[in-house]
Amino acid sequence: MKHADPVKYADVLADWLVELGYTHCFFLAGGNSMHMLDSCRTRFTCVATVHEVAAGVAVEYFNESAERGRAFALVTAGPGLTNIVTAVAGAFAESRELLVLGGQVKSSDLATDGLRQRGIQEIDGVSILAPITVRSERVERPVSRRVFEEIVLAGTGPRPGPVFIELCLDAQGAPVRPADLDDGRADRPARATPSDAQVQEVQRLLDAAERPVVLLGGGVSRAAAAECVPRLVERGVPLMTTYNGADRVDADARTYLGRPNTWGMRSANVLLQQSDLVVALGTRLGLQQTGFNWQGFAPLATVVQVDIDPLELSKGHPRVDLGIEADADAVLRGLVSGDPLDTDGWLAFADDVRKRLPLSEEGNKHADGFIDPYDFYLDLSSLALPSDAVVPCSSGGAFTVFYQSFLQRAGQVIISDKSLASMGYGLSGAIGVAIAHPGRRVIHTEGDGGFAQNLQELGTVAVNGLAVKTFVLSNQGYASIRMTQRNYFGGSYLGCDTATGLGFPDWQALASSFGIPSYVLPVDWTTDPGFLELFDAPGPALFVVPVDPEQTYFPKITSRVTAEGSMESNPLHLYSPELPDDVHRAVLPHLPA
């Protein structure tokens, strides 16, 4: 073939993606994406999923964790598009890269003039996804390299997010000459950098504070954290993390004080609320982070927020005393130099608070023969290696208990998607992480209710031989919904467990049908030879964790229903159950009783 001979446009698009650094394609095949799939087949590692939402979630987690390469999702028109909407919404809420290429009917078959549908399976994907993407565009005829790259790269910053490109079938297959479309490369969007004066002001506030906290969010990259956190620890800088920043600090680090959150560690919440300076790096300080009673967030502190999105700095909740629109990594790197902080007294107090407020509280109840989920995650922490990737689910008791209890180790990768809090994310996310990190064991934890929503992807795990170790916390339903109905509606249960309408499989029989070995954990599971052998063996495994359906989940922030029907919540430090008076006085001396 001569260089000037025409080639299929789908081939040109695939070549451009390769030059942009894309290496993997997660897909579900369909007629309206057939040209793109044929072109991707020889250029990328192509991973077939059973459902499109799994492809989208896997891509999000791949891109969030991969050290090399990028991934995109390829779906067909109509249901292919509608099935991936949840994954797109999750990536949008978390500000994560997710490129979705969608097939569409021929441009001549597109509905016009208000017609509902002309082409077979035709749905206007661009309009559906526009509100939850950075860019949502349709290609009805071949566009140039620069135009295509500008659309793709829009998802990389300044605030990352999903991009959707809908490709009409005739455009995919159109004969083109690559040279005619090559009008140069698009520039990657630049992120704002802080001024020297801004970094110096944050440094000054740290030096002057008596009880400071630096809160690391997901906007702080793992690379920057690996570089800077040990030096901050040496300076005596007290560190906390959000859920999304959970793997940025080793839990054993001398200055690590935990994860505050509406569903956070009680000790971390108590300390955050008594700090006199909060420097929030790369976290939007949303309502889950501050509590719904955001007026009571960090009441004694000067609050500094560093975020790439100016709208997050000006949204009005919580109170922000110094907002800096900048890349969190740049500010973090600016804080590593300087003299050691005088925080020994604050850190000693924090140690005492953490001893008085254990992560697994005695007030929780469960029947004999079941495993307490708080103790489960603490024990899992001790077994997980620094080389492991850990993927908790994104909703329910199995999710919140993980972040209240799990003690991370340096080197681990921990990812969830907590903003959308959709059930069913864990297994698909674990697939993306396992493929991004082929040398790591992936520990995946999920409640039985969430796991049931995407259990078909066990097939993807099995056919690819992925080292995904799945722990299904089996309590016969939705623990968080059951708890809500118990606490607010007198235990009027409906659709929350197997007794009120849910149906679940025999988990071991399910695993066996996919050729995946399984094991039911005994109460003394951490020393059980059968478990340990399967946990350390290559390849996938499924472990059933028996959890009492009536297990209680405390501590938690409680709310009450007002006369107007709205909910009113306690501030972060006032978890239920209430602390004994003597413990309350000991751990909250800086706040009024």
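Parameters and conventions
Residues numbered from 1 in each chain as written. Predicted model: local features only at pLDDT ≥ 70, side-chain atom pairs only at ≥ 80, totals over all residues. Heavy atoms only, no water. Pairing = 2+ DSSP bridges. Helix = DSSP H or I, 4+ residues; strand = E, 2+ residues; numbered from the N terminus. Axes fitted to C-alpha atoms, helices over the stretch in contact; angles between N-to-C directions. Salt bridge = Lys/Arg side-chain N within 4 Å of Asp/Glu carboxyl O. Contact = heavy atoms within 4.5 Å. 1 Å grid on protein atoms, 1.4 Å probe; cavity = no way out; pocket = protein on both sides within 12 Å on 5 of 7 lines; lining within 4 Å. Points joined across faces, edges and corners; volume = space filled by probe spheres on them. Nonpolar A, V, L, I, M, F, W, Y, C, P; charged D, E, K, R; others polar.

**Student:** A description of the sheet that holds strand S12 (residues 302–307) should follow, citing residues and the corresponding values.
**Tutor:** Judged by pairing direction, the sheet is parallel, and its five strands sit side by side in the order S10-S9-S11-S12-S13 without closing on themselves. The open sheet has two free edges, formed respectively by strand S10 (239–241) and strand S13 (322–325), since each of these has just one partner strand. Each neighbouring strand pair of the sheet contributes to a mean axis angle of 15°, computed without reference to strand direction. For strand S9 (residues 212–216) and S10, the ladder comprises three bridges, and the chain directions are parallel. When the sheet's bridge partners are listed, Val214 is paired in S10 with Leu239.

**Student:** Explain the pattern of salt bridges to me, using residue names and the numbers behind them.
**Tutor:** According to the stated counting rule, one finds 32 salt bridges in the structure shown. For Arg43, the salt bridge goes to Asp11, with nearest N and O atoms at 3.6 Å. Of this pair, Arg43 sits in the loop between helix H2 (34–41) and strand S3 (45–48) while Asp11 sits in helix H1 (residues 9–19), and the two are 32 residues apart along the sequence. A salt bridge links Arg159 to Asp309, with the nearest nitrogen and oxygen atoms 2.7 Å apart. Highlighted residues: Arg159 in the loop between helix H7 (145–153) and strand S7 (162–168) and Asp309 in the loop between S12 and helix H14 (310–313), separated in sequence by 150 residues.

**Student:** Describe the sheet that holds strand S5 (residues 98–104), listing the residues and the values that go with them.
**Tutor:** The six strands lie next to each other as S3-S2-S4-S5-S7-S6, forming an open sheet whose pairing is parallel. Bordering the open sheet on either side are S3 and strand S6 (135–139), each of which pairs with just one other strand. Strand after strand, the sheet turns through a mean of 20° between neighbouring axes, direction not considered. Two strands pair when backbone bridges link them, and strand S4 (residues 70–75) and S5 are joined in this way by four bridges, in the parallel orientation. Bridge assignment links Phe72 to a residue of S5, and that residue is Leu99. Here H7 sits on the sheet and contacts strand S2 (22–27), S5, S6 and S7; the angle it forms with S7, its principal contact strand, is near 140°.

**Student:** Run through empty space enclosed by the protein, naming residues and quoting values.
**Tutor:** In this approach, a probe sized like a water molecule rolls over the atoms, and the result shows the empty space that is left. By the definition in use, this model includes three cavities of 30 Å³ or more. Estimated volume of the largest cavity: approximately 190 Å³. In terms of lining, the largest cavity is formed by 24 residues, of which the most central are Ser395, Gly396, Gly397, Ala398 and Gly447. Of all the secondary structure elements, the ones that give two or more residues to the lining of the largest cavity are helix H18 (397–405), strand S16 (442–447), helix H20 (448–451) and helix H22 (479–488). Residues belonging to the lining of the largest cavity are distributed by class as follows: ten nonpolar, twelve polar and two charged. Put simply, the second largest cavity is a space of about 50 Å³. Tyr22, Asn63, Glu97, Leu98, Leu99, Val152, Gly155, Thr156, Gly161 and Val163 together form the lining of the second largest cavity. Across the lining of the second largest cavity, the residue classes break down as five nonpolar, four polar and one charged.

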